[in-house]
Amino acid sequence: MTTLTPILSHNWDRPDSFTLEGYRDDGGYRALRKALDMEPAAIVDLVKQSGLRGRGGAGFPTGMKWGFLPADNPNPRYLVVNADESEPGTCKDIPLMLANPHSLVEGVAIASYAIKSSQAFIYVRGEVVHVIRRLRKAVADAYAAGLLGKDILGTGFDLDVVVHAGAGAYICGEETALLDSLEGYRGQPRLKPPFPAVAGLYASPTVVNNVESIASVPSIVLGGAEWFTSMGTEKSAGFGFFSLSGHVTRPGQYEAPLGVTLRELLDMAGGVREGHSLKFWTPGGSSTPIFTEEHLDTPLDFESVGAAGSMLGTRALQIFDETTCVVRAVGRWISFYAHESCGKCTPCREGNYWMVQVLDRLERGEGSEADLDKLLDICDNLLGRSFCALGDGATSPVTSSIKHFRQEYIDHVEQGGCPFDHARSTLWADRTTTTGGNP
C-alpha cells in the first residue's frame, strides 16, 4: 500500500491549525524567510525543477507558467489565486483553506516575490462565507506580524493581498472569466490569445494558479526539488489531495503521491460501503469521463489516467455502487452544467439545455433508443466547439456513461422508466432495511 504524504494536511489534527501561532509552531513561514533570501528567478527555476503541475485540473507546469511573464512589459504584475472551487465532487481547496489558510498565504507571498508582483488576489467562491472569514483573518494576522504589507521581514519586498468574494458562478473557475469578474464585469471567458501571462488582470501580466498549487510552494522551497520529485511519478511529480466521496466507508481527503491507485485509496478508506460493490467512479470530478471497476489499478497521475481515457482533473474521486442509476447521476451533472453555462456560446448554452431534456425523458421512460444517438450527436457539437472548457467537460460523463453502460440506457426505454430504486443509493437505505423503521 502506498504511504500517505500528509504535508499540506499534516497539522489538521491541531485544534489551532488555522491560526498564525499554530502554523508557526509547525514551522510555518520559514519558507518565506528562506525565499526572500533567494533571487526571484532562482525560485522560478526551483519550481520548474520540482515538476509541480497545476493542481486545479489542467496540470500545466506551474514554474513554466510563471516564466511566461514578459520581461519587457512596463505594467504591474499580478498574482491571482483561483479559489472558486465549485464543481460537483471537487472538495479539496475549501477544506485546505479552512484548516490551513496560512499555507496559502505563505505560498502567495513566495509566489508573488518570485514573479515580482506587489499585488495578489485570492478569488473565493462567495457561498463559503466561513472560509472567506477565516482567510481574511489569516491575511490580517499576517499583516500584523509583518509577513505581508510593506518591507516584509525587513527585506524591502512589499505585497498587498486582497481576499475577494465571488458571486457564485461556476464559470468563474475558468481563469479569464475569473479575471473579468475580478475587474467588476460579468464573469464570461475571454478570447485567447492574449493569454493572462501577457494581458490578464487590468490588461497586465498575470499569473492565475489554483489554491493547492500555491499552497504547495512553501514545502518545495524548504524541501527542494529532489525531495518533491522523490514522490509521484516521473512526469507527475509530488503529492496531492485525493477527495473520496459517495459510497465509501470513510470519505475524506487523502493526501498521497500522484500515481496512487483507487484500489490503494479504497483500502485506506475502508472500501466501498459494506455489502455493496463498486459500479463506477470519477477520477477527476464530474467533468471527467467516468471509470469502472476495471480501472481500479490505473495509476492516478496525469499520463496514466489520460491513457486510460479520462483526465486526472481535480482528483475528485466520486464513488458509486451498484445501487446507483447512471442515467440519473449523469442527468444531475448535466443539469448543473446547463444551469452554470454563462450563455456566451451557442453550443454550450443550447447543447446542455437539450441534453437535460433528453436525459429527463429517458429517466421518465418516455425516450427511445434513438435518444442515445441524439445525445452523442449533441456532444459531438459541443466538444471542441464551445468557447471554453465547460462545454467540453459536460460531454465527458455523457459519452463515457453510454460507452460503459449503454444497456442501462436501453433498459430505461424497454422498461418504461428507471429500473432503479433511488432510495437504495442513499446512505440511510441499509439502516432502514435493517431496522425496519425510519432513519
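Residues numbered from 1 in each chain as written. Predicted model: local features only at pLDDT ≥ 70, side-chain atom pairs only at ≥ 80, totals over all residues. Heavy atoms only, no water.

Visitor: I'd like to hear about the packing of aromatic side chains, residue by residue, with values.
Guide: Aromatic ring pairs: the centre-centre distance and the angle between the two ring planes describe each pair. With the rule as written, the count across this model stands at 17 aromatic pairs. An angle of 65° between the planes, with centres 5.8 Å apart, marks the rings of Tyr170 and Tyr337 as edge-to-face. Of this pair, Tyr170 sits in the loop between β3 (160-165) and α8 (175-182) while Tyr337 sits in helix α15 (residues 326-340), and the two are 167 residues apart along the sequence. In terms of burial, Tyr170 and Tyr337 fall into one category: buried. Each ring, one from Tyr353 and one from Trp354, has its centre 5.1 Å from the other, and the planes form 80°; the classification is edge-to-face. Each residue in the set Phe280, Phe320, Trp333 and Phe405 is aromatic and connected to the rest through ring pairs, giving one cluster. Sitting over the face of the ring of Phe18, Arg134 holds its NZ or CZ atom 3.6 Å from the ring centroid. The cationic tip of Lys279 hangs over the ring face of Phe405; the distance from NZ or CZ to the ring centre is 5.4 Å. (Phe/Tyr/Trp six-rings, centres within 6.5 Å; stacked < 30°, edge-to-face > 60°. Helix = DSSP H or I, 4+ residues; strand = E, 2+ residues; numbered from the N terminus. Buried < 20%, exposed > 50% of the residue type's maximum accessible area, 1.4 Å probe, protein only. Lys NZ or Arg CZ within 6 Å of the ring centre and 35° of its normal.)

Visitor: Tell me about the pattern of salt bridges, and name the residues and values.
Guide: Tallying each qualifying case throughout the model produces 22 salt bridges. Where Asp26 meets Arg14, a salt bridge forms, and the shortest distance between an N and an O atom there is 3.8 Å. Here the residue Asp26 occupies a position in the loop between α1 (20-25) and α2 (30-36), and Arg14 occupies one in the segment before α1, the gap between them amounting to 12 residues. You can call Asp26 partly exposed: its relative accessible area is 33%. Asp93 is paired through a salt bridge with Lys92; the nearest N and O atoms lie 2.9 Å apart. Taken individually, Asp93 and Lys92 each receive the classification buried, so the pair is uniform in this respect. A network of salt bridges, in which partner residues are shared, links Arg14, Asp16, Asp25 and Asp26. (Salt bridge = Lys/Arg side-chain N within 4 Å of Asp/Glu carboxyl O.)

Visitor: Go over unusual backbone geometry, please, and point to the residues and values.
Guide: Pro193 follows Lys192 through a cis peptide bond whose omega is 0°. A cis amide bond, omega 5°, links Pro193 with the succeeding residue Pro194. By the secondary structure assignment, Pro194 is in the loop between α8 and α9 (196-199). The phi dihedral of Asp151 falls on the positive side, at around 50°, and the residue is not glycine. One can find Asp151 in the loop between α7 (129-144) and β3. For Tyr202, which is not glycine, the phi torsion reads 55° and is therefore positive. Positionally, Tyr202 belongs in the loop between α9 and β4 (206-210). Of the residues examined, Tyr202 reaches a relative accessible area of 45% and is grouped as partly exposed.

Visitor: Can you explain the sheet that holds β4? Please cite residues and give values.
Guide: Taking strand neighbours across the sheet as the criterion, the 4 strands line up as β3-β2-β1-β4 in an open arrangement whose pairing is parallel. Of all strands in the sheet, those bounded by a partner on one side alone are β3 and β4. Taking the axes of each pair of neighbouring strands and ignoring which way they run, one obtains an average angle of 20° across the sheet. The sheet contact formed by strand β2 (residues 119-124) and β3 spans 6 bridges and is parallel. Bridging from a neighbouring strand, Tyr123 pairs with His164 of β3. (Pairing = 2+ DSSP bridges. Axes fitted to C-alpha atoms, helices over the stretch in contact; angles between N-to-C directions.)

Visitor: Which residues make up the packing of α15 against helix α16 (residues 346-363), and what are the values?
Guide: With their axes 9 Å apart at the nearest point, α15 and α16 run at an angle of 155° to one another. In terms of their interaxial angle, α15 and α16 are classed as roughly antiparallel. The interaxial crossing formed by α15 with α16 has left-handed handedness. Of the residues in α16, those touching α15 at Val327, Arg328, Val330, Gly331, Ile334, Ser335, Tyr337 and Ala338 are Asn352, Tyr353, Met355, Val356, Leu359, Leu362 and Glu363. (Parallel < 35°, antiparallel > 145°, perpendicular 65-115°, else oblique. Left-handed = near helix turned anticlockwise from the far one by under 90°. Contact = heavy atoms within 4.5 Å.)

Visitor: Describe the nonpolar core, naming the residues involved and giving the relevant values.
Guide: In terms of nonpolar packing, the biggest core is built from 62 residues, with Trp66, Met97, Leu104, Val108, Ile122, Val124 and Leu159 touching the most fellow members. Shared between two domains, this core takes at least three residues from each, and those domains are domain 1 (20-230) and domain 2 (236-321). With residues near it in sequence (within four places) discarded, Val124 still touches Ala83, Asp84, Met97, Val131, Ile132, Leu135, Val163, His164, Ala165 and Gly166. In this structure, Tyr170, Leu179, Trp333 and Cys342 belong to the second largest nonpolar core, which totals 46 residues. (Core = buried A, V, L, I, M, F, W, Y, C linked by side-chain atoms within 4.5 Å. Domains from an automatic or database assignment.)

Visitor: Pulling in residues and values, what's your account of the sheet that holds strand β9 (residues 316-321)?
Guide: Here 5 strands make up an open sheet; going across it, the order is β6-β5-β9-β7-β8 and the pairing mixed. Single-partner strands in this sheet number two, and they are β6 (252-257) and β8 (291-292). Bridging between strand β7 (residues 278-282) and β9 involves 4 bridges; their strand directions are antiparallel. Its bridge partner being in β9, Phe280 is matched across the sheet by Phe320. Strands in contact with α15 are β7 and β9; relative to β7, the strand with the most contacts, it is inclined by about 15°.

Visitor: Describe the state of the cysteines, naming the residues involved and giving the relevant values.
Guide: In total, this model carries 0 disulfides according to the counting rule given. Considering cysteine sulfurs only, Cys345 is the nearest to Cys348, which forms no disulfide, with 5.1 Å between them. Between Cys418, a free cysteine, and Cys325, which holds the nearest cysteine sulfur, the sulfur-to-sulfur gap is 3.5 Å. (Disulfide = S-S within 2.5 Å.)

Visitor: Break down the domain arrangement of the chain for me, with residues and values.
Guide: The extent of an interface is frequently quoted as the accessible surface area lost upon association of the parts. Partitioning the chain into structural domains gives domain 1 (20-230), domain 2 (236-321) and domain 3 (326-415). Here the C-alpha centroids of domain 1 and domain 3 sit 35 Å apart. Listed by partner, the interface residues are 14 residues for domain 1 and 9 residues for domain 3. There are 0 salt bridges connecting domain 1 and domain 3. At the junction of domain 1 and domain 3, the tally comes to 4 residue pairs in polar contact (both at pLDDT 80 or more). For the side of domain 1 that touches domain 3, a count of residues per class yields 6 nonpolar, 4 polar and 4 charged. (Polar contact = N/O pair within 3.5 Å; in protein donor to acceptor, adjacent residues only side chain to side chain. Nonpolar A, V, L, I, M, F, W, Y, C, P; charged D, E, K, R; others polar.)

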